[in-house]
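Each chain is listed here by its residues.
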Amino acid sequence: MAKAAQSAGEVMAALSHPLRAEADALRVILLALKAPKLDESVKWNAPSYAVGGVHCVTFNFSDKKSIRLIFHCDTARKETKGAPPAFADETGLLAWQSDIRAIAVFRTMEDVAAAKLVLPGLVRRWVSEVVER
């Protein structure tokens, strides 16, 4: 019998990471977004958020000194490394890996607190200018 897929809440409940509190705080910010409606599920063994079935923001817990949010377009679009980023990020949160993939890194609760004011707008912009484009 196949094991049932874990929910994002179950993944978080089982998470053993030095920055677990920061991860929980980031998840609260993402869950509070009203528009776009982000559907939470699990991708890459971590909470992930999708719009219209396209995953676009996914946690990454591989580094024990930080929590990463990967901004991406699932498999909906092909990325181009070395191409200019999809938009200028005035928040300074994103480190661009390609034209349509970026990473935001959080190392402290202060990083999360500072991001609380700008992360919702950044996610909305990501969805409108990258995912839905």
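Look a little higher up for the structure.
About the criteria used
- Residues numbered from 1 in each chain as written.
- Predicted model: local features only at pLDDT ≥ 70, side-chain atom pairs only at ≥ 80, totals over all residues.
- Heavy atoms only, no water.
- Helix = DSSP H or I, 4+ residues; strand = E, 2+ residues; numbered from the N terminus.
- Rg over C-alpha atoms; globule rule 2.2 N^0.38 Å.
- Buried < 20%, exposed > 50% of the residue type's maximum accessible area, 1.4 Å probe, protein only.
- Contact = heavy atoms within 4.5 Å.
- Areas by Shrake-Rupley, 256 points an atom, 1.4 Å probe, with all protein chains shown as cover.
- Lys, Arg positive; Asp, Glu negative; His and termini not counted.
- Charge placed at Lys NZ, Arg CZ, Asp CG, Glu CD.
- Core = buried A, V, L, I, M, F, W, Y, C linked by side-chain atoms within 4.5 Å.
- Pairing = 2+ DSSP bridges.
- Axes fitted to C-alpha atoms, helices over the stretch in contact; angles between N-to-C directions.
- Disulfide = S-S within 2.5 Å.
- Salt bridge = Lys/Arg side-chain N within 4 Å of Asp/Glu carboxyl O.

Student: What's the story with the overall build of the chain in this structure? I'm lost.
Tutor: A tally of regular secondary structure across the chain gives four helices and six strands. Here the C-alpha atoms of the chain give a radius of gyration of 14 Å, agreeing with the 14 Å that 2.2 N^0.38 yields for 133 residues. For the C-alpha atoms alone, the extent of the chain along its principal axes is close to 40 × 40 × 30 Å. Within the chain, the fraction of its 133 residues that count as buried is 43%. Pairs at least 24 residues apart make up 53% of the contacts formed inside the chain by residues separated by at least 6 positions. Surface exposure of the chain reaches about 7,200 Å², of which carbon and sulfur atoms provide 54%. Taken as two groups, the 18 positive and 15 negative side-chain charges of the chain have centres that lie 3 Å from each other.

Student: Would you mind going over the nonpolar core with me for this structure?
Tutor: Soluble globular proteins tend to pack their nonpolar side chains together in the buried interior. Counting 37 residues, the largest nonpolar core has Leu-26, Phe-59, Leu-69, Phe-71, Leu-119 and Trp-126 as the members making the most contacts within it. The set of elements that each furnish at least two residues to this core consists of α2 (20–31), β2 (46–51), β3 (54–60), β4 (67–71), β6 (101–106), α3 (109–116) and α4 (119–131). Dropping the residues within four chain positions of it, Leu-26 is found in contact with Phe-59, Ile-67, Leu-69, Phe-106, Val-112 and Leu-119.

Student: What am I meant to see in the sheet that holds β2 here?
Tutor: Strand-to-strand pairing in sheets goes through backbone hydrogen bonds, with the strands running parallel or antiparallel. With antiparallel pairing, six strands are arranged side by side in an open sheet as β1-β2-β3-β4-β6-β5. The open sheet has two free edges, formed respectively by β1 (39–43) and β5 (94–98), since each of these has just one partner strand. Across the sheet, the mean angle separating the axes of adjacent strands is 25° when strand polarity is ignored. Looking at chain direction, β1 and β2 are connected through five bridges and run antiparallel. Counterpart to Val-42 in the pairing with β2 is Pro-47.

Student: Can you help me understand the state of the cysteines in this one?
Tutor: Where two cysteines share a covalent bond between their sulfur atoms, that bond is called a disulfide. For the coordinates displayed, the defined rule picks out zero disulfides. Among the cysteines around Cys-56, which has no disulfide bond, Cys-73 carries the closest sulfur, lying 8.0 Å off. When its relative accessible area of 0% is taken as the criterion, Cys-56 is described as buried.

Student: What is the right way to look at the pattern of salt bridges in this model?
Tutor: Pairing is possible between side chains of opposite charge, provided their charged atoms come close. Applying the stated criterion across every chain yields a total of seven salt bridges. Arg-27 serves as the salt-bridge partner of Glu-40, at 2.7 Å between the closest nitrogen and oxygen. One end of the pair, Glu-40, is in strand β1; the other, Arg-27, is in helix α2, with 13 residues separating them in the sequence. Residue Glu-40 is classed as partly exposed on the basis of its relative accessible area of 28%. Overall, Arg-27 belongs to the buried group, its relative accessible area being 19%. Measuring nitrogen to oxygen at the nearest pair gives 2.8 Å for the salt bridge that ties Glu-90 to Arg-125. Of this pair, Glu-90 sits in the loop between β4 and β5 while Arg-125 sits in helix α4, and the two are 35 residues apart along the sequence. Take Arg-125: its relative accessible area is 24%, and that puts it in the partly exposed class. Overlapping salt bridges, with partners in common, bring together Glu-90, Arg-125 and Glu-129 in one network.

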